[in-house]
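Reading the structure
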2 protein chains.
Amino acid sequence: MSTAASKRGRSSGRVTLNDVAEAAGVSPITVSRALRGERSVGAELVERVQAAAQALGYVPDPAARALASQRSSHVAVLIPLLSNTLFVDLLEAVHRTLLPAGFQTLIGITHYKPKEEELLLQSYMAHRPAGLLVTGFDRTETARRLIASSGVPCVHVMETSDAPGVHCVGFSQMEAGRAITQHLLSRGRRRIAFVAAQLDPRVMQRAEGYRRALHEANLYDADLELLNPDSSSLGLGGHLFEEVRRRRPDVDAIFFCNDDLAQGGLLAALRLGVKVPQEVAVAGFNDLTGSDLMLPPLTTVHTPRVEIGECAAQMLLSLMRREPVARSSLDLGYRLVIREST
Amino acid sequence: MSTAASKRGRSSGRVTLNDVAEAAGVSPITVSRALRGERSVGAELVERVQAAAQALGYVPDPAARALASQRSSHVAVLIPLLSNTLFVDLLEAVHRTLLPAGFQTLIGITHYKPKEEELLLQSYMAHRPAGLLVTGFDRTETARRLIASSGVPCVHVMETSDAPGVHCVGFSQMEAGRAITQHLLSRGRRRIAFVAAQLDPRVMQRAEGYRRALHEANLYDADLELLNPDSSSLGLGGHLFEEVRRRRPDVDAIFFCNDDLAQGGLLAALRLGVKVPQEVAVAGFNDLTGSDLMLPPLTTVHTPRVEIGECAAQMLLSLMRREPVARSSLDLGYRLVIREST
DNA sequence: CTGAAAGCGCTTACAG
DNA sequence: CTGAAAGCGCTTACAG
């Protein structure tokens, strides 16, 4: 089998389509079609080709395939950060769904910066990805055009939209923010602070939900919002907890925009001997690892990032195969998780 | 510029090497060489070519390049899990180092199973990765052969070895395990339990360090080892903490093989009213997020996974460029972080 | 339903 | 130091 190969100077030593074709006694195109499952090939031939491919241990060359078809087997996934476990869960779900379907996941980290995302997009598009997964809708005009003009199937995650032609899987961050605030109100809390970091678009949507709930209850007080642009972290949560208590000792509940902040707040409360929920109720967002094990366990909003990852990947697979997609906008909802901190 | 392109039926609309060559008035090969920085091209030509490429917005086609050169711009990174922040830190450092050098990171999750790693390797090798990053040395014979026979540069991370021809960046898990145990001994602890989960090779190396330290002190007691094969987690740490206390109420210190277990243990102690370190000292491993904020703050071993990721990526870059590598085995050490839990 | 030809956009040898 | 030719391993469009 290596005789033919060794004659050519630049042979890679790979088993090629030609080798399989020779072994099966058909033309290379037929092998290509049979292996890709194009229906136009006779059943008996398909079997013969598959047997030959199997016997020779043939593995298609992704580079050759990408060059000829103008489409690779890569899916670029653009997320803000890896240090937020939310996105790790999402990424893992996407990866787990795409791999068995024959697609590789390329990660891109945007650090919450539209300009960085634009640069990543620019370089990733050169790879002719088969598909694209992006976080939310906040991007530069250039990035938007790049995606649209490329014709590469794209699914947006974490938020929803009903703009025509847009594919997305997420939930309403605003509604979820409103729901958890309403829960605090239902517990009789009246001076509810909103403490946030990072201040990305989704955080601000939660803020909007918080505001609506308080406006509806005639309890909105702009002074109860503590918005910090730094990265979200346990440590920052502790500091912000202390800052709220210092600035507004009358606050009877705190809604942290993310669980890591809330966990930090809870730890700070323990350290300071502040009783939760008696003195102040604490709620978080996302239901991250450890929230159920805090003291007291943290009330939060469970967000379906694993399901979002899976559904978005499935939707993308359909788009990449040019199959019809039942619904182009999927709202997967959220779930209040009431524990002892409220 | 599209006249030439539109004549060809299958044109991708891309700006190609030929377009640049035409614009610069040289042959395509010269453009290829100039852009890749091959020294054999005249300085004046290089400038002209670069200007033309810039003007046309030329971006090389990775698929074509991979096909022609038999080498892609992808680096496959095989790690056990994404849910352990240790590996997220590692992955992020690798990604951050490789991207500016023009390499894309492909993630592979092995779930700590050599057989899964072997299958991943099989499929990733078809992509002709430019380089490979793998975790530790525990793999199937087939996987080992696949790597060796492929000729793809490979760097091993997290452990060290002085086997000839092996490239690795890590530290001695055994020594680190010994050091933290010796610290507990130096604090006057005598009945020190070792509590572990996952039981992967690196965990067992830490166990070995623990045993050596206790043997040296004539305090080794096999009954003080609690080895649980389940995945490491906060919740499991809590359970194992309780189990140790139940089985051996005389234990005066616990060395958890990972910080998530230790944090879970600390939270369980808080819940149960067990005083740390008075009643029992608690030490962890890895210095993960939040360990410094526990109550009390957790004594642990800081492991240099970020530096490991950076150095391993640098070493891989050298290997991929066929540059000489100063040292093929890098021991980046570890650092005891003594806090209030011991 | 099957195939011969051409082409995807680069790089590798081989010349000069 | 520069170039013409061939080839990497596939798939696309055009025939039959």
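Values in this document were obtained by computation on a predicted structure and should not be read as measured data. (Residues numbered from 1 in each chain as written. Chains lettered and ligands numbered in written order. Predicted model: local features only at pLDDT ≥ 70, side-chain atom pairs only at ≥ 80, totals over all residues. Heavy atoms only, no water.)

Before going further, it helps to spend a moment on the UniProt feature "domain: HTH lacI-type" (unreviewed entry) in chain A. Mapped onto this numbering, the UniProt entry annotates "domain: HTH lacI-type" (unreviewed entry) at residues 15-69 of chain A. A helix fraction of 71% and a strand fraction of 0% characterise residues 15-69 of chain A, whose end C-alpha atoms lie 20 Å from each other. (UniProt positions renumbered as here; feature names shortened; annotations may be inferred. Helix = DSSP H or I, 4+ residues; strand = E, 2+ residues; numbered from the N terminus.)

The next subject is the side chain of Q173(A). All names here are of chain A. Among the secondary structure elements, Q173 is positioned in helix α9 (residues 173-186). Residue Q173 is classed as buried on the basis of its relative accessible area of 1%. For Q173, the side chain forms a polar contact with the side chain of R206, separated by 2.8 Å. Residues within four places of Q173 in sequence aside, it is in contact with M158, R202, Q205, R206 and F285. (Buried < 20%, exposed > 50% of the residue type's maximum accessible area, 1.4 Å probe, protein only. Polar contact = N/O pair within 3.5 Å; in protein donor to acceptor, adjacent residues only side chain to side chain. Contact = heavy atoms within 4.5 Å.)

Our focus in this paragraph is unusual backbone geometry. All names here are of chain A. A cis amide bond, omega 5°, links V276 with the succeeding residue P277. Along the polypeptide, P277 turns up in the loop between α12 (259-272) and β9 (281-283). Each neighbour pair has its own omega, and for L295 with P296 the value is -10°, a cis peptide bond. Locating P296 in the fold gives a position in the loop between β9 and β10 (300-302). Not every positive phi belongs to a glycine, and H111 is a case in point at roughly 55°. As for its placement among the helices and strands, H111 is situated in the loop between β2 (104-109) and α7 (114-125). If you check the backbone angles, N218 has positive phi at about 60° while not being a glycine. Turning to its location among the elements, N218 is positioned in the loop between α10 (201-216) and β7 (225-227). For N218, a relative accessible area of 72% gives the class exposed.

With that out of the way, let us pick up the environment of I29(A). All names here are of chain A. Its place among the elements puts I29 in helix α3 (residues 28-36). Owing to a relative accessible area of 46%, I29 belongs among the partly exposed residues under this scheme. A C-alpha to C-alpha distance of 9.1 Å links I29 and N18, two positions 11 residues apart in sequence.

This part takes up the packing of helix α2 (residues 17-24) of chain A against α3(A). Residues and elements named next belong to chain A. The N-to-C vectors of α2 and α3 enclose an angle of 100°; their axes lie 8 Å apart at closest approach. As judged from the angle between their axes, α2 and α3 are roughly perpendicular. Counted together, L17, N18, V20 and A21 of α2 and P28, V31 and S32 of α3 form the full contact between these two elements. Its residues assigned to classes, the contact of α2 with α3 comprises 5 nonpolar, 2 polar and no charged. (Axes fitted to C-alpha atoms, helices over the stretch in contact; angles between N-to-C directions. Parallel < 35°, antiparallel > 145°, perpendicular 65-115°, else oblique. Nonpolar A, V, L, I, M, F, W, Y, C, P; charged D, E, K, R; others polar.)

Turning to the sheet that holds β9(A), a few remarks are in order. Residues and elements named next belong to chain A. Across the sheet, 4 strands lie side by side as β7-β6-β8-β9; this open sheet has parallel pairing. Of all strands in the sheet, those with a lone pairing partner are β7 and β9, marking the two edges. Each neighbouring strand pair of the sheet contributes to a mean axis angle of 15°, computed without reference to strand direction. (Pairing = 2+ DSSP bridges.)

For the rest of this paragraph, the subject is helix α13 (residues 305-320) of chain B. One full turn of an α-helix is made of 3.6 residues, so residues set three or four places apart face in the same direction. In a regular helix each residue adds 1.5 Å, so 16 residues correspond to 22 Å; α13(B) covers 22 Å between its end C-alpha atoms and thus fits that length. Residues of α13(B) that are buried: R305(B), I308(B), G309(B), A312(B), A313(B), M315(B), L316(B), L317(B), S318(B), L319(B) and M320(B). (Expected span 1.5 Å × (residues − 1).)

Turning to the sheet that holds strand β9 (residues 281-283) of chain B, a few remarks are in order. Residues and elements named next belong to chain B. Read across the open sheet, the 4 strands follow the order β7-β6-β8-β9; overall the sheet is parallel. The open sheet has two edge strands with one neighbour each: β7 (225-227) and β9. When the angles between neighbouring strand axes are averaged without regard to direction, this sheet yields 15°. Sitting on the sheet, helix α10 (residues 201-216) touches β6 (192-196), β7 and β8 (253-256), and the angle it makes with β6 is about 175°. Relative to the sheet, helix α11 (residues 234-247) contacts β6, β7, β8 and β9, its axis offset from that of β7 by approximately 145°.

The transform that puts chain B on chain A rotates by 180° and translates by 0.0 Å along the axis, for an RMSD of 0.1 Å. The symmetry that links the two subunits is that of a two-fold axis. Closest to the rotation axis within chain B is the C-alpha of A63(B), separated from it by 2.4 Å. Both copies share a contact surface, since 98% of the interface residues of chain B are interface residues in chain A too. (Least-squares fit on C-alpha atoms with pLDDT ≥ 70 in both.)

Contact with chain B, which involves 47 residues of that partner, is made by 46 residues of chain A. For the pair chain B and chain A, the summed buried surface comes to about 3,800 Å²; carbon and sulfur atoms form 65% of the total. When residues of chain B are sorted by the area they lose upon contact with chain A, Q104(B), H127(B) and L293(B) head the list and together hold 13% of the total. Linking chain B with chain A are 2 salt bridges. Across the pair R128(B) and D61(A) runs a salt bridge, and its minimum N-O distance is 2.3 Å. Applying the counting rule to chain B against chain A returns 9 residue pairs in polar contact (both at pLDDT 80 or more). If you list the elements that add at least two residues to the side of chain B that touches chain A, you get α5 (62-69), α6 (85-98), β2 (104-109), α7 (114-125), α11 and α12 (259-272) of chain B. Across the side of chain B that touches chain A, the residue classes tally to 25 nonpolar, 16 polar and 6 charged. (Buried area = accessible area lost by both parts, 1.4 Å probe. Salt bridge = Lys/Arg side-chain N within 4 Å of Asp/Glu carboxyl O.)

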